[in-house]
Amino acid sequence: MTFYLRPMQRFDFVVIGGGIFGCYAALYLAGKGARVALLEKEARLFQKASLVNQARLHSGYHYPRSIATAALSDEHKERFTAEHRRFVNFTFEKYYAIDRFGSFTDPLQFERFCRYLNIPCERIFEHNLFNFNRLEALYRTEEYSFDPVLLREFYSEKVEKTPGISVFKNTIVDSATADNKAWSLKIKNSGPGVPELRSLETATVINATYAATNAVNRLFGVDDIALTHEISEIAFIASPRFAAKGLTVMDGPFGSIMPYGLSGLLSLSSVAYTHHKISYDNLPRFDCQTADDPRCRPEAPGICTDCPRRPESNAYKMLAQMRQYFSESVRFQHLFSYYTIKSKLKASYIDDGRPTEISMLRAEPRFYCLFAGKINSIYEVEKIV
Ligand SMILES: Cc1cc2nc3c(=O)[nH]c(=O)nc-3n(C[C@H](O)[C@H](O)[C@H](O)COP(=O)(O)OP(=O)(O)OC[C@H]3O[C@@H](n4cnc5c(N)ncnc54)[C@H](O)[C@@H]3O)c2cc1C
């Protein structure tokens, strides 16, 4: 196979992964005067977890069994909200509820927990949209939703226009070698066509590839972080009577309907049906990946929504579960679903927390692994510099 080699380009930082964490890292570093290369495997930025998620700006309600997790979950929330106001839905009615059957929490515990965290929660005893035969308790709460599509537009434009950032789309690292001071990378296009090798040199690499974290760590000869991966479905639904509202039912048999930012759509997820397949391997290894399809491999996961072998939708099961919590007059319609790989730290099974972890896995030259928990923790990258 023919390779074309271009002259070496030098950068202060190479950030791998063009989701919200990689984009924010590149912008932050360029803002400090650094020259940054941002590498993204796909043709567009924000095609994976940063687009396919439930868009919840966590306030803590989600974790009634762990005060510590709840308190940490809204770290940076105020700053994120203040700096992204145009992309946040502040105006919907948000309810949390406790299922009469099989819940791990109860009204006394939940109310105490909200008081302790100082987050608003008003118990409601009557409401014509909900089924109180099934709900043990219903609360009006305060929670916001960010808009992933608007965030994608904002960050994509900003990284392209910021002097100091060079964006390489359809690009992956082919090989990496290190001397004491610098990384030498060969990068190549990930799409079809003749591979064109380019050489980059940098003192610092930041791996922000989420589901592909360990694949990239291995390319750079550093240790894995312990992860599990799930192929997850976010179903998009509409409801004339339940428009601009959200309901999350806790805790255990979780189910949740949330406005998807400012789009007018509602997103639907459920602990039992959102996650179709699980991989306990450090790489996202699934039986739907085939040797003859290079678009998705454990070493280079692809875009699940675009995949012909994505799982069949569980939307009707999620809706059947959630319908029990509503009065009969409330109807929902499934419009479409997005799929992606959700990756979690293995340790998070203990408290269901989703911390963002930044580890320096090599000092000279530097290699940082940035594994993202929640969108509002993008600022954690500032600790690197
Ligand atoms: C189903 C689901 C629901 C969620 N709900 C919420 C929620 O309600 N609230 C919340 O705050 N968080 C939520 N999260 C978590 C949140 O979405 C993630 O923490 C965050 O989006 C991760 O951002 P990222 O930039 O690290 O990853 P991604 O957005 O996945 O970006 C990683 C990028 O790296 C690229 N890449 C991969 N390999 C390579 C390579 N070799 N070379 C170059 N590029 C590569 C990928 O193509 C991708 O663009 C949810 C996540 C999921 C999956």
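Before reading further, recall that the structure is shown in the block above.
Summary of the structure given here. It should be emphasised that the depicted structure is a prediction, and the values quoted were computed from it without experimental measurement.

Attention now moves to the overall build of the protein chain. Scanning the protein chain for helices and strands turns up seven helices and 21 strands. In summary, the protein chain has a C-alpha radius of gyration of 22 Å against a globular reference of 21 Å for 385 residues, a match within 12%. Considered along the principal axes of its C-alpha atoms, the protein chain spans approximately 70 × 45 × 35 Å. When each of the 385 residues of the protein chain is scored for burial, the buried share is 56%. In the protein chain, the share of contacts with a sequence separation of at least 24, taken over all contacts with a separation of at least 6, comes to 72%. Of the roughly 17,300 Å² of accessible surface on the protein chain, 51% is carried by carbon and sulfur atoms.

This part is about helix α5 (residues 148-161). When the terminal C-alpha atoms of α5 are compared, their 20 Å separation across 14 residues agrees well with the 20 Å that a helix rising 1.5 Å per residue should span. Residues of α5 that are buried: Pro 148, Leu 151, Arg 152, Tyr 155, Ser 156 and Val 159. For α5, the arc enclosing every buried residue in end-on projection is 125°, short of the 170-degree limit, so these residues lie on one face. In this fold, the buried residues of α5 make contact with α1 (20-31), β3 (36-39), α3 (77-83), β9 (144-146) and β10 (165-168).

Judged by pairing direction, the sheet is antiparallel, and its three strands sit side by side in the order β4-β9-β5 without closing on themselves. Edge positions in the sheet fall to β4 (56-57) and β5 (88-89), since each has one partner strand and no second. By the bridge criterion, two bridges tie β4 to β9 in an arrangement that is antiparallel. Bridging from a neighbouring strand, Arg 56 pairs with Ser 145 of β9.

Glancing now at the pattern of salt bridges. Summed over the entire model, instances satisfying the criterion amount to 21 salt bridges. Lys 161 is the salt-bridge partner of Glu 157, the closest N and O atoms lying 2.8 Å from each other. Here Lys 161 and Glu 157 lie together in helix α5, a separation of four residues that amounts to about one turn. On the basis of relative accessible area, Lys 161 is assigned to the exposed category, the value being 61%.

This brings us to helix α4 (residues 107-117). Three or more residues of α4 are buried, namely Pro 107, Phe 110, Phe 113, Cys 114 and Leu 117. The buried residues of α4 occupy an angular sector of 135° when the element is viewed end-on, so they sit on one face. In α4, the exposed positions angled more than 90 degrees off the buried face are occupied by Leu 108, Arg 112, Arg 115 and Tyr 116. On its buried face, α4 is in contact with α2 (67-73), β6 (93-99), β7 (121-124), β8 (135-141) and β15 (245-250).

Our focus in this paragraph is the site of the ligand. Residues in close proximity to the ligand total 35 residues, the closest being Glu 40, Lys 48, Ser 50, Gly 373 and Ile 375. Contacts to the ligand include Phe 21, whose backbone N or O atom sits 3.1 Å from an oxygen atom. Side-chain polar atom of Lys 48 to an oxygen atom of the ligand: 2.8 Å apart, as the coordinates give it. Summarising the interface, the protein chains cover 95% of the accessible area of the ligand, which totals 1,000 Å² for the free molecule.

At a closest axis distance of 10 Å, the pairing of α1 and α5 adopts a crossing angle of 35°. Two packed elements cross with a definite hand, and for α1 against α5 that hand is left-handed. Contact residues: α1 offers Ile 20, Cys 23, Tyr 24 and Leu 27, while α5 offers Leu 151, Tyr 155, Lys 158 and Val 159. Grouping the constituent residues of the contact of α1 with α5 by class yields seven nonpolar, no polar and one charged.

Secondary-structure assignment places Thr 141 in strand β8. Judged by relative accessible area, which is 11%, Thr 141 ranks as buried. Those residues in contact with Thr 141 that sit more than four places away from it in its chain are Tyr 61, Lys 94, Tyr 95, Tyr 96, Pro 120 and Cys 121.

Two elements, strand β2 (residues 9-16) and strand β13 (residues 196-207), share seven bridges in a ladder whose sense is parallel. In the strand pairing of β13, Gln 9 is matched with Leu 200. In this sheet, β13 lies alongside strand β12 (residues 183-189) in antiparallel orientation, the contact comprising five bridges. Residue pairing for β13: Leu 185 is matched across the bridge by Leu 200.

Our next topic: the state of the cysteines. Applying the stated criterion across every chain, the model contains zero disulfides. Cysteine Cys 114 shares no disulfide, and the gap to the nearest cysteine sulfur, in Cys 121, comes to 3.9 Å. With relative accessibility at 1%, the residue Cys 114 sits in the buried group.

Conventions and cut-offs
Residues numbered from 1 in each chain as written. Predicted model: local features only at pLDDT ≥ 70, side-chain atom pairs only at ≥ 80, totals over all residues. Heavy atoms only, no water. Helix = DSSP H or I, 4+ residues; strand = E, 2+ residues; numbered from the N terminus. Rg over C-alpha atoms; globule rule 2.2 N^0.38 Å. Buried < 20%, exposed > 50% of the residue type's maximum accessible area, 1.4 Å probe, protein only. Contact = heavy atoms within 4.5 Å. Areas by Shrake-Rupley, 256 points an atom, 1.4 Å probe, with all protein chains shown as cover. Expected span 1.5 Å × (residues − 1). Arc of directions from axis to C-beta. Pairing = 2+ DSSP bridges. Salt bridge = Lys/Arg side-chain N within 4 Å of Asp/Glu carboxyl O. Near = heavy atom within 4 Å. Polar contact = N/O pair within 3.5 Å; in protein donor to acceptor, adjacent residues only side chain to side chain. Axes fitted to C-alpha atoms, helices over the stretch in contact; angles between N-to-C directions. Left-handed = near helix turned anticlockwise from the far one by under 90°. Nonpolar A, V, L, I, M, F, W, Y, C, P; charged D, E, K, R; others polar. Disulfide = S-S within 2.5 Å.

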